[in-house]
Amino acid sequence: MPLAEVLELVTDTLALLGHTPAAVTALATVDVKAAEPGLAGVARQLGVPLLSYAAEALAAVRVPAPSRFARDVMGTPSVAEAAALLAAGPGAELVVGKRKSAPHGRPPGATCAIAAAAGREGAGTTGPEGTATGGAEGPATTAGTGTGGAAPSTGGV
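Because the structure is predicted, anything quoted here is derived from the model rather than measured. (Residues numbered from 1 in each chain as written. Predicted model: local features only at pLDDT ≥ 70, side-chain atom pairs only at ≥ 80, totals over all residues. Heavy atoms only, no water.)

Caption draft 1: Local environment of the overall build of the protein. When helices and strands are counted, the protein shows five helices and six strands. If you list the helices and strands of the protein from N to C, you get α-β-α-β-α-α-α-β-β-β-β. For the protein, buried positions account for 52% of its 157 residues. Counting only contacts in the protein whose residues sit at least 6 apart along the sequence, the fraction spanning at least 24 positions is 62%. For the protein, the accessible surface area stands at approximately 6600 Å², while carbon and sulfur atoms represent 56% of it. (Helix = DSSP H or I, 4+ residues; strand = E, 2+ residues; numbered from the N terminus. Buried < 20%, exposed > 50% of the residue type's maximum accessible area, 1.4 Å probe, protein only. Contact = heavy atoms within 4.5 Å. Areas by Shrake-Rupley, 256 points an atom, 1.4 Å probe, with all protein chains shown as cover.)

Laid out in structure tokens, this is it:
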């Protein structure tokens, strides 16, 4: 998935919370997608770690929007939401649920969700998967990202 598509999705999702990309503390995804140029590039550009989790670990996380496609292709019913929750730590809550990218002229290639660490301001609202945010901007949250479409890709599709 293209870096620009991932960055736009993360930026737009953070904007729902009134945050900028400076609030991100980490991105997270499934381990088989961690080397994707779009994900790795966005993590580098934002200056945050890209955390990755095995499909089995992601599958053990309860999420509000499981996907049959992700389960069939990635071996887990969620990438973005589950990765965001795992990256945010025990007791984390989604602040933005799974959102899909909206590229022109083709199907969505990325998904995003945001989770807030337990006890952080802003927990309890829905957010983009796998990306962690925090710092001066507001509550620490994690965002999960992935890719979707016809071929196997990163994220909770």
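Caption draft 2: Representation of the side chain of E5 within the structure. Its place among the elements puts E5 in helix α1 (residues 3-16). Here the side chain of E5 touches S101 through a polar contact of 2.4 Å, side chain to side chain. A polar contact of 2.9 Å, which involves the side chain of E5, links it to the backbone nitrogen of G109. Contacts of E5, omitting those with residues within four sequence positions, involve S101, P103, R106, P108, G109 and A110. (Polar contact = N/O pair within 3.5 Å; in protein donor to acceptor, adjacent residues only side chain to side chain.)

Caption draft 3: Structural detail: helix α2 (residues 37-46). Looking at α2, one finds that the buried residues are G38, L39, A40, G41, V42 and A43. Looking one or two places after α2, you find G47, whose phi comes out positive at around 70°.

Caption draft 4: Quick peek at the confidence of the model for the protein. Chain-level statistics for the protein give a pLDDT mean of 79 and a share of 76% at 70 or above. Ranking the helices and strands of the protein by mean pLDDT puts helix α3 (residues 55-59) first, with 97, and strand β5 (residues 130-133) last, with 44. Taken as a whole, residues 122-141 scores under 50 in pLDDT and shows 117 contacts with residues more than four places along the chain or in a different chain. Across residues 147-157, confidence stays below pLDDT 50; counting only partners more than four residues off in sequence or on other chains, it has 54 contacts. (pLDDT = per-residue confidence, 0-100.)

Caption draft 5: Representation of the pairing of strand β2 (residues 50-53) within the structure. Across two bridges, the pairing between strand β1 (residues 24-30) and β2 is parallel. Within β2, the position partnered with T29 by the bridge is S52. With α2 bridging β1 and the parallel β2, this β-α-β connection has right-handed handedness. (Pairing = 2+ DSSP bridges. Right-handed = clockwise from strand over helix to strand, strands pointing away.)

Caption draft 6: A look at the nonpolar core. V30, L58, L85, L94 and A115 are the most contacted members of the largest nonpolar core, which has 19 residues in total. For this core, the elements supplying multiple residues, two or more each, are β1, α3, α5 (80-88) and β4 (111-116). For this core, the element with the highest residue contribution is α5, accounting for six residues. In terms of nonpolar packing, the next biggest core, distinct from the first, is built from 17 residues, L27, V42, V95 and A116 among them. (Core = buried A, V, L, I, M, F, W, Y, C linked by side-chain atoms within 4.5 Å.)

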